[in-house]
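# Examination of the molecular architecture
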Amino acid sequence: MTYGVVLFHTTASAMQAEKVLSKAGLKVKLVPTPRQFSSDCGIALRFDWEQKGQVESLLTSNKVDTAAVRQMEQ
Amino acid sequence: MIYLDNAATSWPKPPEVLKAMTDALERSGGNPGRSGHRLSIEAARLIYQTREDIADFFNSGDPMGVIFTSNATHALNLAIRGLLHPGDRAVTTSIEHNSVMRPLRHLEKNGVELRVVPCAQDGTVDLADMAKTVTPGTKLLISVFASNVVGTIMPIKQIAQIAHRAGALLLVDAAQAAGALPIDMQEMGIDLLAFTGHKALLGSPGSGGLVIRAGVDASQIEPLMRGGTGSQSELEEHPDFLPDRFESGTPNLVGIASLQAGIGWLRQRGMDAVREHEKDLTRQIIEGLSQIPGIKVYGTLDAERCVAIVSFTVEGRTVSEIGMRLDEEYGVLVRVGLHCAPAAHRTIGSFPEGTVRLAPGVFTTKKQIETALGAIARVVTT
Ligand SMILES: Cc1ncc(COP(=O)(O)O)c(C=O)c1O
């Protein structure tokens, strides 16, 4: 299965993202940041890669600060 | 027992607050933002949601600008010491608490220019006088929202205009006002708001925060502390984004949970209803005290213009004797002395003896005030 992972600078942004995306009805999950992405913040947000466009536009329109969006097979 | 010391700390707390505190430890017991497992994430959710609740409650416009601290003193130190450097000019008022005065006096010794606008005996400030003192180039204006000695409410909106006209930031000490009065940071123009959780917000000791209004450049504030944040762990340098810039070390999850519950409780009751109730009690106290011979009441003597705090002295009696007799003989709990605010007592003319301070809270009843006033009358006349 192909997932997307949003990386954040701070935990607070990860929580904000989860709230915004869940409210919009997207299926997302907060996960420990996969080590291969060596990210800033210990918590990342996993989503279904097919929803990448929706995820990105919702995060942008709600002014959620992100560090990067990566692809991941699991 | 009649507890009239809510300005020192509120008591009792709503049962919802106690429950939220035990729930936080039972159900969200992980270290927020550190580990990524379900208990850690649950804790991080609770903390983030509380940031949103606080940003909403004070209408600051940005949950990331809600910085959790251990109390108002910590928040005030963060703002004052983070902003002021040798050569800067700061202005404050003469009724401030020592949590404002002491950091400022310390900085003054180290090259910060400090100007103190004198307040009138009733705690009110002359805005024209303040405007003259806050000259262009002033970096920071610090004002209490409501005095912890006489309760006097400052005209914060006008004070913000004075600060901004001079290019200064406005830092407000809302230790007594938060939870007692509706506060709208964006509408009033408050740049930085320091609050404590354990007074009118009905939370636990050890909780509080500095709220940075949306649009205020936080990079000009130096952090007080640096350390682990759970973010940018590969770096040995401290991150500069909010809220991590000002929050390091494991936060007070239980205190933050209490804050959320306290704010939720106030919301449900309605800030207007809370204010009306406290105004009623304040009016009753002012009227009752004024009828007891030999008592001098301080402040504006107008419940519309103060929070639920009334100070008095009795001719020929020490305040400590009155406080002790009220406690021992009548079970009425008050606070006497200088209330950590020598400048305020100098301003109202009660230094160095201090005053007896009555501070009812949301749970105080009119009947209790009636009983307390009877006790005061007996103590004063016997
Ligand atoms: C006006 C004012 N400022 C600051 C403080 C300090 O609050 P805390 O002791 O919670 O830091 C208090 C309370 O004692 C206060 O009344």
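This report concerns the structure included in the present document. Quantities reported herein were computed from a predicted structural model and do not represent experimental measurements.

Moving on, we come to the overall build of chain A. The secondary structure content of chain A amounts to 2 helices and 4 strands. Shown N-terminal to C-terminal, the secondary structure of chain A runs as helices and strands in the order β-α-β-β-α-β. In terms of overall dimensions, chain A is globule-like: its C-alpha atoms have a radius of gyration of 11 Å, near the 11 Å expected for 74 residues. Dimensions of chain A along its principal axes, counting C-alpha atoms only, are 30 × 25 × 15 Å. When burial is assessed residue by residue, chain A has 50% of its 74 residues classed as buried. In chain A, of all internal contacts separated by at least 6 residues, the share reaching a separation of at least 24 is 71%. Of the roughly 3,700 Å² of accessible surface on chain A, a fraction of 46% belongs to carbon and sulfur atoms. Both charge centroids of chain A, one from 9 positive and one from 7 negative side chains, sit 5 Å from each other.

Now for the interface of chain B and chain A. Taken together, the contact between chain B and chain A spans 22 residues of the former and 17 residues of the latter. If you look at where chain B meets chain A, you find 2 salt bridges. One salt bridge in this structure joins A:Lys19 and B:Glu52, with 2.3 Å as the shortest N-O distance. Residues belonging to the side of chain B that touches chain A are distributed by class as follows: 8 nonpolar, 9 polar and 5 charged.

Residue and element names in this part refer to chain B. In the vicinity of the ligand, 13 residues are found, and the nearest of them are Thr-73, Asp-173, Thr-196, His-198 and Lys-199. Within the side chain of Gln-176, a nitrogen or oxygen atom sits 2.8 Å from an oxygen atom of the ligand. Burial of the ligand by the protein chains amounts to 89% of its free accessible area of 390 Å². A class-by-class count of the residues in the shell around the ligand yields 3 nonpolar, 8 polar and 2 charged.

All names here are of chain B. Strand order in this open sheet of 4 strands is S9-S10-S13-S12, and the pairing throughout is antiparallel. A single partner strand is all that each edge strand has here, and the edge strands are strand S9 (295-297) and strand S12 (335-337). Neighbour-to-neighbour, the strand axes of this sheet turn through a mean angle of 30 degrees, independent of strand direction. Here 3 bridges tie S9 to strand S10 (residues 310-314), and the two strands are oriented antiparallel to one another. By the bridge assignment, Val-297 is partnered in S10 with Phe-312.

With that settled, consider the nonpolar core. All names here are of chain B. One finds Ile-54, Phe-58, Phe-145, Ile-183, Ile-190, Leu-193 and Leu-201 to be the most contacted residues of the largest nonpolar core, which totals 65 residues. Lining this core are residues from two domains, each supplying at least three of them: domain 1 (2-10 + 271-381) and domain 2 (15-268). Each residue touching Phe-145, except ones within four places of it in the same chain, is listed here: Thr-152, Ile-153, Met-154, Ile-156, Val-172, Asp-173, Ala-174, Ala-177, Leu-181, Ile-183, Met-188 and Ile-190.

Turning our eyes to something else, we now look at helix H8 (residues 253-269) of chain B. An ideal rise of 1.5 Å per residue puts 24 Å on 17 residues; H8(B) measures up with 24 Å between its terminal C-alpha atoms. Counting buried positions over the 17 residues of H8(B) gives 13, a clear majority of the element.

For the rest of this paragraph, the subject is the packing of helix H3 (residues 72-83) of chain B against helix H4 (residues 98-109) of chain B. Residue and element names in this part refer to chain B. One can describe the packing of H3 onto H4 by two numbers: an axis separation of 9 Å at closest approach and a directional angle of 30 degrees. Classed by the angle they form, the pair H3 and H4 counts as roughly parallel. Here the hand of the crossing between H3 and H4 comes out right-handed. In this structure, H3 contributes Thr-73, Leu-76, Asn-77, Ile-80 and Arg-81 to the contact, and H4 contributes Ser-99, Val-100, Pro-103, Leu-104 and Leu-107.

Parameters and conventions
- Residues numbered from 1 in each chain as written.
- Chains lettered and ligands numbered in written order.
- Predicted model: local features only at pLDDT ≥ 70, side-chain atom pairs only at ≥ 80, totals over all residues.
- Heavy atoms only, no water.
- Helix = DSSP H or I, 4+ residues; strand = E, 2+ residues; numbered from the N terminus.
- Rg over C-alpha atoms; globule rule 2.2 N^0.38 Å.
- Buried < 20%, exposed > 50% of the residue type's maximum accessible area, 1.4 Å probe, protein only.
- Contact = heavy atoms within 4.5 Å.
- Areas by Shrake-Rupley, 256 points an atom, 1.4 Å probe, with all protein chains shown as cover.
- Lys, Arg positive; Asp, Glu negative; His and termini not counted.
- Charge placed at Lys NZ, Arg CZ, Asp CG, Glu CD.
- Salt bridge = Lys/Arg side-chain N within 4 Å of Asp/Glu carboxyl O.
- Nonpolar A, V, L, I, M, F, W, Y, C, P; charged D, E, K, R; others polar.
- Near = heavy atom within 4 Å.
- Polar contact = N/O pair within 3.5 Å; in protein donor to acceptor, adjacent residues only side chain to side chain.
- Pairing = 2+ DSSP bridges.
- Axes fitted to C-alpha atoms, helices over the stretch in contact; angles between N-to-C directions.
- Core = buried A, V, L, I, M, F, W, Y, C linked by side-chain atoms within 4.5 Å.
- Domains from an automatic or database assignment.
- Expected span 1.5 Å × (residues − 1).
- Parallel < 35°, antiparallel > 145°, perpendicular 65-115°, else oblique.
- Left-handed = near helix turned anticlockwise from the far one by under 90°.

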